[in-house]
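Descriptive analysis of the structure
Below are the chains, spelled out letter by letter.
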Number of protein chains: 2
Amino acid sequence: MIKVGILGGGQLGRMLLQSAANYPVQTFVMENDANCPAAHLCHHFTIGDIRNFEDVYNFGKGLDAITIEIESVNEEALERLESEGVRIYPKPAALKIIKNKILQKQFYKENEIPSSEFIITANKLDLNQHIDFLPAAHKIALGGYDGRGVQLIKTKEDLSKAFDAPAILEKLVSIKKEIAVIIAVNDEGENAVYPSVDMVFDNRLNLLEYQISPATLTNKVLWKVEAIALKVVKDLKSSGIFAVELFVDIDDNVFVNETAPRVHNSGHHTIEGNYSSQFDMLWRIILGYPLGSTEVILPAAIVNLLGEAGYAGEVVYEGLQEILQIENVFVHIYGKKETRPGRKMGHITILSKEKQELIHQANRIKQTVKVKSVN
Amino acid sequence: MIKVGILGGGQLGRMLLQSAANYPVQTFVMENDANCPAAHLCHHFTIGDIRNFEDVYNFGKGLDAITIEIESVNEEALERLESEGVRIYPKPAALKIIKNKILQKQFYKENEIPSSEFIITANKLDLNQHIDFLPAAHKIALGGYDGRGVQLIKTKEDLSKAFDAPAILEKLVSIKKEIAVIIAVNDEGENAVYPSVDMVFDNRLNLLEYQISPATLTNKVLWKVEAIALKVVKDLKSSGIFAVELFVDIDDNVFVNETAPRVHNSGHHTIEGNYSSQFDMLWRIILGYPLGSTEVILPAAIVNLLGEAGYAGEVVYEGLQEILQIENVFVHIYGKKETRPGRKMGHITILSKEKQELIHQANRIKQTVKVKSVN
C-alpha cells in the first residue's frame, strides 16, 4: 500500500484522515503533540517538530508522498526529500513562494496577477518613510497564521503596532466582498475548480461570520475571480489543493488577497456539499486517481466554532443539543482538549437549496453554540 | 470525554470511526487482528477475542458505553458490564434473542410479527421427520454470517447438506422483493426510520446485485414494511441501530427475514445519501444527542465489492481508475490486506435523482471493478 505522510496533526489532518479511510493508503502523521486532533486516526504517528530539518527528513525518507496541513514546515527537508524521489504536495518551490508574504506578493507582481499595491519593509523604522502610503495593512513575511501577523496601520498613530521584522505594507482595498476559490491540480497538470465561496465578515469585529457556497456574484465578476484564481495556481506550477482568497472592490475589480497551498477552512463545506470534497480530492491527486467532481450536491454554509473570549482550558460546548436537532446541519468537532480565545475548535455545515435558510441557520448557530471552558 | 468501545474491528467499525471524528468522543476497539480495518482509526486499540468473557469484560470495564459491529460477541460479559453501569448498544437481552436464530424466530412468533413458518431441528437426523415441510431453508442457530450458515433443502436429496447442530427449518416464501429498513432508537425510546431499501439479487447466483434507496413500493406495501420493521425494533426493547430485512411475497404479504442489532451493509448508502448516516446516528444515540434526520439528500444505490472467485492473497483492485471518473460515484475501500472469494472488500455508492442512472451505474461498476489478488 502506498505510504503517505502528513506534516501537522490539526483539524485539517484529521479531516484528511477521515477521508483517507475510503482508499487503500497507509497514513503517517508528524506533530509535536501526541493528543493532537489527527494523532489517533493514522496508521503511524510520530512525535516531532515539523519545523526541524532532521525530524521532517527522517519522517519522510521512507514515504512515497508527503502533504502538509500548515505552511510552517521545514522546506529544506522537503526539497531534499523531493530530490530523493518523494512526491511532495505542494511542491517545495511553490510552498517557498507562498509561506513568505514578501515572495508571495512579488510572485503576483511578476506574473501580472492583480493584487493590491505593496511596499516591502525590513523593520518598524522603515514604515516612517511610507506615511503617504497609509492606510495600509502590515503583514509579517513569515509565520502569520489565522489572522495573526496582520496589523491595520491607518494613520501615523498606529505605527507602534507595526512588526519589527521583514514584512509587507499593503494598500487597503475598498472591499465589497471576499471570495475564496479552491482549486485542485493533479500531477498531469489537469485542474478542477470548486464553485467560489462567499466569505461574510462581521465588520465590527473583523471576524469571519460564515461562508456560503456557491457565492452570489454576477457572471462577469465570477469569471474574473475564477480566471485569476486559476492563473495563480497555474503559475505556481505544482500539483495539490490550493485555496485562493480574493477581494472584490466597489468597482468590481478583483484582487488576490492570499493563497494557501493546501486544504483550507474555506473548503470545509465540500465535505457534505460537493461530490468530491477537498479532502477526497487531495487523496485522488496523491494516489494518482482521476480528479473528482467539484459539482454542488446542495448549496452549503459553514460556521466556524471558535473558542469564546475569556475562556481557556478544558473545553465544553454549549448549545450543541439544540443545533443537532436541525435536520440539515452537520457538526464537526475537532477533538481539541483545550480551548483558547479564538482557537478553531470545530465547524458546522448547513445544506439547503435556499440561501435565506443557509443564512438563517448560520446566524442561529452563531448565537447558540458557544465554546467555553469548564471553569 | 466520554469513552466508547467497539467490539470488532472490521469495515463497520472503520466507518463508525470515520464518523466518530465529528464528535467529542474517545474511541476504543477490540479485535484479534492488529491490521484489521478499524485498528488505526481509534484512540486505543486492544488485541483480544471478542468471544472471550475475560477479554470483553476487561476491555469494557473502564468504558462509558460499548457497541458491536458483529453479533458473535461474548454476551455474558456484556450482561455483567451492563449490570455494572456500562451502557450497551444493543442491550445484551436483545442481542441474545437475535444472535440465536431459534430464539429470533420464537421472538417473532410470540410477538405476532409475520415471519415464515419454521420448525426447530436439533440435528441432521431430525430433518427426516419433516420431509413434507420441504422446500425449506435450513439455518444454523448460532454463528451464521454473511450468507454462511444457510442451506437450501428443496428435496430429500438435499438432506445431506443440512446442519448437524441446532437450527431452524424455514418454509420458503415466494419472494417478489427483499427490502431492508434501518431504524434508530435512542435511550428515551424515540425512533427514526430510514427510507426502505430495495435489495436486488442475482437470481442465478443468489448474490446481492445492488441496493437502491428509497425502495420502489406501493404505499400499501411500504406502510406494512415500515410498521412491521418498527414493531420488531420496539419489541426488542433496546436502543441502538437495527437493520430489519423483510420479504415481500407475490401476494404482497410482508414477512420478516431477519434482524441485525447494529449498523449494517444495507445502510451504507446513508453515508452520502441521507442527512444523518447510520454511523452518525449511532454516535448521536450513544452520546445522548438528538436523533438525526433520516431524510434523503439524493436517492442512492450501492454495490458491494466482493473478493472475486479464484483469487486469494494480497489484494489488487481492477477498474477503480475508470469508476472514479464517474462524477456521482463514491468509493469505499475497507483497507483489508488480503482478499478471499466472496470477502467484503469495499462498497461503491452512486447518487442520482434518476433510478435508471442508479441501475446503469451499478451495473457498470459490477462489470468494471474486480477484486483480485496479486498472483
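Please read all numbers here as calculations on a predicted model, not as lab measurements. Here the residue numbering is sequential within each chain, running from 1 through the sequence in written order. Ligands are numbered from 1 and chains lettered from A, in the order in which they are written. Where totals are concerned, whole chains, interfaces and linings use all residues; where local detail is concerned, this predicted model gives features only for residues with pLDDT of at least 70, and gives and counts side-chain atom pairs only at 80 or more.

Quick look at the overall build of chain A
- Scanning chain A from N- to C-terminus turns up 10 helices and 21 strands.
- The C-alpha atoms of chain A give 20 Å as radius of gyration, which agrees with the globular expectation for 375 residues (21 Å, within 12%).
- Its C-alpha atoms give chain A principal-axis dimensions of roughly 60 × 50 × 50 Å.
- Exposure classification rests on a simple neighbour count of other C-beta atoms within 10 Å of a residue's own: a residue reaching 20 or more is buried, one at 12 or fewer is exposed, and one in between is partly exposed. C-beta atoms are placed from the backbone. The buried share among the 375 residues of chain A stands at 49%.
- When contacts within chain A are restricted to residue pairs at least 6 apart in sequence, long-range pairs at least 24 apart make up 62% of them. By the criteria applied, helices consist of DSSP H or I runs no shorter than four residues and strands consist of E runs no shorter than two, each listed in order from the N terminus. The reference for a compact globule is 2.2 Å times residues^0.38; the radius of gyration itself is calculated from the C-alpha atoms. Two residues form a contact once the distance between their C-beta atoms, set from the backbone, is within 7 Å.

Observations concerning the relation of the copies chain A and chain B
- It takes a turn of 180 degrees to lay chain A on chain B, together with a shift of 0.0 Å along the axis; the resulting RMSD is 0.0 Å. What we have between these two chains is a two-fold relation. Considering only C-alpha atoms, the residue of chain A closest to the rotation axis is Leu41(A), which sits at 2.1 Å.
- Residue by residue, 100% of the interface of chain A is reproduced at the interface of chain B, so both copies engage with the same surface. What sets the superposition is a least-squares fit of C-alpha atoms, and only residues with pLDDT of at least 70 in both copies go into it.

Looking at the environment of Gly267(B)
Residue and element names in this part refer to chain B.
- Note on placement: Gly267 falls in the loop between β15 (254–260) and α7 (270–273).
- Taking the C-alpha atoms as reference points, Gly267 and Ala184, separated by 83 residues in sequence, lie 11 Å from one another.
- Apart from the residues lying within four places of it in its own chain, the contact partners of Gly267 are Ile182, Tyr194, Ala243 and Gln278.

Describing the interface of chain A and chain B
- Taken together, the contacts link 27 residues of chain A with 27 residues of chain B.
- Counting residues per element, the side of chain A that touches chain B draws most heavily on strand β18 (residues 329–333) of chain A, at 3 residues.
- In terms of residue class, the side of chain A that touches chain B is built from 13 nonpolar, 10 polar and 4 charged. In this count, Pro and Cys sit with the nonpolar residues alongside Ala, Val, Leu, Ile, Met, Phe, Trp and Tyr, while Asp, Glu, Lys and Arg are called charged and the others, Gly among them, polar.

Some remarks on the domain arrangement of chain A
- Here chain A is described as being made up of domain 1 (3–89), domain 2 (117–171) and domain 3 (175–373).
- Placing a centre on the C-alpha atoms of domain 2 of chain A and another on those of domain 3 of chain A gives a separation of 27 Å. By convention here, the domain bounds are inherited from an automatic or database domain assignment.

What about the pairing of strand β1 (residues 3–7) of chain A?
All names here are of chain A.
- Counting buried positions along β1 yields 4 of 5 residues, so the element is predominantly enclosed.
- DSSP calls a pair of strands paired once it identifies at least 2 bridges connecting them. For β1 and strand β2 (residues 26–31), the ladder comprises 5 bridges, and the chain directions are parallel. Its bridge partner lying in β2, Gly5 is registered against Phe28.
- When the strands point away from the viewer and the connection leading from the first strand across the helix to the second strand turns clockwise, the crossover is called right-handed. Traced from β1 through helix α1 (residues 11–20) to β2, the parallel crossover comes out right-handed.
- Pairing geometry for β1 and strand β4 (residues 65–68), over 4 bridges, is parallel. Looking at the pairing, Leu7 lines up with Ile68 of β4.

Things to note about helix α6 (residues 219–236) of chain A
Residues and elements named next belong to chain A.
- One less than the number of residues in a helix, times 1.5 Å, gives the span that helix is expected to have. Here α6 contains 18 residues, and its C-alpha end-to-end distance of 26 Å stays within 8% of the 26 Å for a straight helix at 1.5 Å per residue.
- For α6, every residue scored as buried is listed here: Val221, Val225, Glu226, Ile228, Ala229, Val232, Val233 and Leu236. Taken end-on, α6 shows its buried residues confined to a sector of 165 degrees, consistent with a single buried face. Residues Asn219, Lys220, Trp223 and Ala227 are exposed on α6 and point more than 90 degrees away from its buried face.
- Looking at the buried residues of α6, the elements they touch are α4 (92–99), β10 (175–185), β11 (191–193), β14 (240–249) and β15 (254–260).
- At the exit of α6 stands Lys237, carrying a positive phi of roughly 50 degrees. Arc definition: it is the arc formed by the directions from the helix axis to the C-beta atoms.

Here we look at unusual backbone geometry
- Cis geometry marks the peptide bond from Ser213(A) to Pro214(A); its omega dihedral reads -5 degrees.
- Among the secondary structure elements, Pro214(A) is positioned in the loop between β13 (207–213) and α6.
- For the peptide bond that leads from Leu134(B) to Pro135(B), omega is 0 degrees, which places it in the cis range.
- Mapped onto the elements, Pro135(B) comes out in the loop between β6 (118–121) and β7 (136–140).
- You will see that Lys237(A), though not glycine, has its phi angle at about 50 degrees, which is positive.
- Inspection of the secondary structure puts Lys237(A) in the loop between α6 and β14.
- Residue Asp252(A) is not a glycine yet carries a positive backbone phi of 65 degrees.
- Tracing the backbone through its elements, the reader meets Asp252(A) in the loop between β14 and β15.
- The exposure class assigned to Asp252(A) is partly exposed, which follows from the 13 C-beta atoms found within 10 Å.

As for the sheet that holds strand β7 (residues 136–140) of chain A
All names here are of chain A.
- Here 4 strands make up an open sheet; going across it, the order is β6-β9-β7-β8 and the pairing antiparallel. The open sheet has two edge strands with one neighbour each: β6 (118–121) and β8 (150–153). Within this sheet the neighbouring strands show an average axis-to-axis angle of 25 degrees, counted without direction.
- As defined by bridge partners, β7 adjoins β8 across 4 bridges and the pair is classed as antiparallel. Every axis in this analysis is a line fitted to C-alpha atoms, fitted for helices over the stretch in contact. Angles between the N-to-C directions lie between 0 and 180 degrees.

Description of the packing of helix α4 (residues 92–99) of chain B against helix α5 (residues 101–110) of chain B
All names here are of chain B.
- Between α4 and α5, the least distance of the axes is 5 Å, while the angle of their chain directions is 105 degrees. One way to sum up the angle between α4 and α5 is to call them roughly perpendicular. In contact with Lys96, Ile97 and Ile98 of α4, α5 contributes Leu103, Gln104 and Phe107.
- Classifying every residue of the contact of α4 with α5 by side-chain character gives 4 nonpolar, 1 polar and 1 charged. Angle categories are assigned with fixed cut-offs, so that under 35 degrees is roughly parallel, over 145 is roughly antiparallel, 65 to 115 is roughly perpendicular, and the rest are oblique.

So, the sheet that holds strand β8 (residues 150–153) of chain B
All names here are of chain B.
- As summarised here, the arrangement of the 4 strands in space is β6-β9-β7-β8, forming an open sheet in which the pairing is antiparallel. The sheet terminates laterally at β6 and β8, the two strands that pair on one side only. In this sheet, neighbouring strand axes are inclined to one another by 25 degrees on average, regardless of whether the strands run parallel or antiparallel.
- Relative to strand β9 (residues 167–171), β6 runs antiparallel, the two sharing 4 bridges. What sits directly across from Thr121, in β9, is Ala167.

Description of the environment of Val263(B)
- With respect to the element layout, Val263(B) can be found in the loop between β15 and α7.
- Separated by 20 residues in sequence, Val263(B) and Ala243(B) place their C-alpha atoms 7.0 Å apart.

Remarks on the confidence of the model for chain A
- On a scale of 0 to 100, pLDDT captures the predictor's confidence in every residue. Across chain A, the average pLDDT comes to 95, with 98% of residues at or above 70.
- Confidence metrics for the complex model read pTM 0.96 and ipTM 0.95.

A short note on helix α8 (residues 278–287) of chain B
Residue and element names in this part refer to chain B.
- Counting buried residues in α8 gives 9 out of 10 residues, a clear majority hidden from the surface.
- Of all the positions in α8, only Gln278, Phe279, Asp280, Met281, Leu282, Trp283, Arg284, Ile285 and Ile286 are classed as buried.
- Looking one or two residues past α8, Gly288 carries a phi angle of roughly 75 degrees, positive in sign.

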